[in-house]
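Residue-level listing of the chains:
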Amino acid sequence: MTGHRISQGCRHMKGFSLIELMVSLTIGLLLATAAFSAYLGASAASKMSDAQIRMNEDAQAALVILSQQLKMAGNNPDRADRIDNADPAFSSRHNPVYGDTSFATGTYTTSEFSVRGCDGRFSNIATAASLDQLTCAGSVTSLPDSIAVSYEADSFNTIPTTQATGKLPTDCVGKKLSLITAALPTVVGAGTASATVTYFIAENRFYIAASHALASSSLYCKGNGEGSTPQALVNNVEDMQISYGAVSMATTSTVATVAGYLSAGEIAALGSSSNDPLPWEKVLAVRVCVLVRSEGQVVSEQASARYLNCEGSLAAIPADRRLRQAYFATVLLRNRRL
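Residues numbered from 1 in each chain as written. Predicted model: local features only at pLDDT ≥ 70, side-chain atom pairs only at ≥ 80, totals over all residues. Heavy atoms only, no water.

**Re the nonpolar core**
Side chains of nonpolar character tend, in soluble globular proteins, to be buried together. Counting 57 residues, the largest nonpolar core has Leu 70, Leu 219, Tyr 244, Val 286, Val 288 and Val 290 as its most contacted members. Considering every element that reaches this core, the biggest residue donor is helix α2 (residues 18–72), with eight residues. Excluding residues that lie within four positions of it along the chain, Val 288 makes contacts with Leu 63, Leu 66, Leu 70, Met 240, Gln 241, Ile 242, Tyr 327, Phe 328 and Ala 329. (Core = buried A, V, L, I, M, F, W, Y, C linked by side-chain atoms within 4.5 Å. Buried < 20%, exposed > 50% of the residue type's maximum accessible area, 1.4 Å probe, protein only. Helix = DSSP H or I, 4+ residues; strand = E, 2+ residues; numbered from the N terminus. Contact = heavy atoms within 4.5 Å.)

**Thoughts on the confidence of the model for the protein**
On average, the protein scores 82 in pLDDT, and the residues at 70 or more come to 81%. This model gives residues 100–108 a pLDDT under 50, and the stretch forms 25 contacts once residues within four places in sequence are excluded. (pLDDT = per-residue confidence, 0-100.)

**Quick word on the packing of aromatic side chains**
Enumeration according to the criterion identifies two aromatic pairs in this entry. Plain terms: the ring middles of Tyr 207 and Tyr 220 are 5.8 Å apart, the flat faces sit at 25° to each other, and that makes the pair stacked. Of the two residues, Tyr 207 is situated in strand β6 (residues 191–211) and Tyr 220 in strand β7 (residues 216–222); the sequence distance between them amounts to 13 residues. Here the two residues Tyr 207 and Tyr 220 agree in accessibility, since each one is buried. Across the ring face of Phe 113, the terminal group of Arg 116 is positioned such that the distance to the ring centre comes to 4.3 Å. The aromatic ring of Tyr 261 is capped on one face by Arg 287, whose charged end is 3.8 Å from the ring centroid. (Phe/Tyr/Trp six-rings, centres within 6.5 Å; stacked < 30°, edge-to-face > 60°. Lys NZ or Arg CZ within 6 Å of the ring centre and 35° of its normal.)

**Some details on the pattern of salt bridges**
Across all of its chains, the model carries eight salt bridges by this definition. Residue Glu 152 is joined to Arg 79 by a salt bridge in which the shortest nitrogen-to-oxygen separation is 2.1 Å. Pair noted here: Glu 152 is in strand β2 (residues 146–153) and Arg 79 is in the loop between α2 and β1 (115–118), with a separation of 73 residues, a long-range link. In this structure, Glu 226 engages Lys 176 in a salt bridge whose closest nitrogen and oxygen atoms are separated by 3.8 Å. Of this pair, Glu 226 sits in the loop between β7 and β8 (231–235) while Lys 176 sits in the loop between β4 (166–168) and β5 (180–188), and the two are 50 residues apart along the sequence. (Salt bridge = Lys/Arg side-chain N within 4 Å of Asp/Glu carboxyl O.)

And the structure:
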């Protein structure tokens, strides 16, 4: 018999064996799995990083707003043409911002409080006519705190709105403030005379409330501008805890140091009544903590979502898989009155 010869060219045209195909497929599958795992890891890390950046931005926005407002609390500058202590019934060289409401003929009364807080939300935060009329539940609560500030406003320390009469100061949500008119003793030539003066008062109240449209909590503000309604300023803010650095009630010096940080309820308890403004005049600094959460679920398991709350305690495992972080700021009240 004569055997068939296989040419050299035909040998090169032979296919892979079954074992070779299985090995190749296995290696390819391992490489694809490794590449997919690397992609998922990079995607998860990017998602986590984006969430953290957004949280930092939200926290910074909330703390900047609160810090700017607290720095303005009690602003009531001297006026060069006013009489210094000409009459105890008047506010010396200042506009009658605190207490002298009998002079005000505007639509909004002024307040004796430059800053005022509550453990939890003020009961009538959206309806009280002034800071003097705000009320608290009166018991310590774990709910987010609220705070209100009052100051003389102008087109420089607020964001002005342009009207036909010029640029007018606004409240915390951009609504123009009502003009207040008062008759005060002023310097006229070499003598004095009563003159009509005008000014604006901003009273802004900050608190945490549910934002139903976003299914989350937000930092809200209710101002005293014309037609002003509560509006959300920063989303994804779940908690706000505030403590107040106060000097001793016996301190009368303009140079003082903080004796300790107290809650709003502890500050109010130092007064003769819950509506006594005197203890709040002793507040030198305000320490604010806001708890911010990520907008979406970014962690792989619930246990990884644990966080430290504003009290520095490890919070219970949250029901969702969102990131949360507490952010702090301490603000000196530069317009305080002792």
